[in-house]
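Listed here are the chains, written in short residue letters.
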Amino acid sequence: MADEETNSRGIAVKIVTPEGQVYDQDQVEIAVINTQGGQLGIMAGHEPILAAMAIDEMLVKKDQQEKSLAVNGGVAEFSNNLLTVIADSAETADNIDVNRAESAKERAQLRLGHAQEVKNQHEMDMARVALMRAVNRIHVASIRSGR
């Protein structure tokens, strides 16, 4: 009976960035996060975890509704039915400015091309991360619009 009661309440999900809290929901049925080690689905009663986040989409399902978020790195910690994501940056699909993301993608591609020409590994790495973040934001925004 206690397990059924816990599962019916779900989990709490909080996403925090250096700019502040991005997401805060209780009674979430499942959160799907993408970590450096792979994808994890987290529901009530999941074992405690601490994982490095990947630059990728995060999915949260509550009341049969799915919400997509663009999460750009950070760490996820789950214990006592609370998932806390401390991300470098994160946005809900509804808040993504696609034009700005497209511009960021173009800038990152130019920066990457230049870094490859001058063979600057550090600059190539930074440009690749910027490109991955922009592509992630575009991908999550496309989900909202039905692709």
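The preceding data block contains the structure.
It should be emphasised that the depicted structure is a prediction, and the values quoted were computed from it without experimental measurement.

Undergrad: Mind showing me how you'd approach the sheet that holds strand S4 (residues 38-42) here?
TA: Hydrogen bonds between backbone atoms are what pair the strands of a sheet, whose relative direction is either parallel or antiparallel. Spatially, S4-S3-S6-S7-S10 is the arrangement adopted by the 5 strands of the open sheet, whose pairing is antiparallel. Sheet topology places S4 and strand S10 (90-92) at the edges, where each strand pairs with a single neighbour. Between one strand axis and the next, the sheet turns through 20° on average, direction left out of account. Bridge count for strand S7 (residues 65-72) against S10 is 3 bridges, and the pairing is antiparallel. Note on S10: the bridge partner recorded for leucine 69 is threonine 92.

Undergrad: Can you help me understand helix H2 (residues 98-117) in this one?
TA: It helps to recall that an α-helix has 3.6 residues per turn; residues three or four apart then point in one direction. Spanning 20 residues, H2 covers 29 Å between terminal C-alpha atoms, matching the ideal 28 Å at 1.5 Å per step. Ala101, Ala104, Ala108, Leu112 and Ala115 are the residues of H2 that are buried. The buried residues of H2 occupy an angular sector of 75° when the element is viewed end-on, so they sit on one face. Exposed residues lying more than 90 degrees from the buried face of H2 are Asn99, Arg107, Leu110 and Glu117.

Undergrad: Explanation requested: the sheet that holds strand S1 (residues 11-17) in the structure shown.
TA: Strand order in this open sheet of 5 strands is S2-S1-S9-S8-S5, and the pairing throughout is mixed. Of all strands in the sheet, those with a lone pairing partner are strand S2 (20-28) and strand S5 (49-52), marking the two edges. Taking each pair of neighbouring strands and ignoring which way they run, the sheet shows an average axis angle of 10°. In terms of strand pairing, S1 meets strand S9 (residues 82-86) through 5 bridges, oriented parallel. Bridge pairing in S9 places valine 13 opposite leucine 83.

Calculation rules
- Residues numbered from 1 in each chain as written.
- Predicted model: local features only at pLDDT ≥ 70, side-chain atom pairs only at ≥ 80, totals over all residues.
- Heavy atoms only, no water.
- Pairing = 2+ DSSP bridges.
- Helix = DSSP H or I, 4+ residues; strand = E, 2+ residues; numbered from the N terminus.
- Axes fitted to C-alpha atoms, helices over the stretch in contact; angles between N-to-C directions.
- Expected span 1.5 Å × (residues − 1).
- Buried < 20%, exposed > 50% of the residue type's maximum accessible area, 1.4 Å probe, protein only.
- Arc of directions from axis to C-beta.

By themselves, these figures tell us nothing about what the structure is for.
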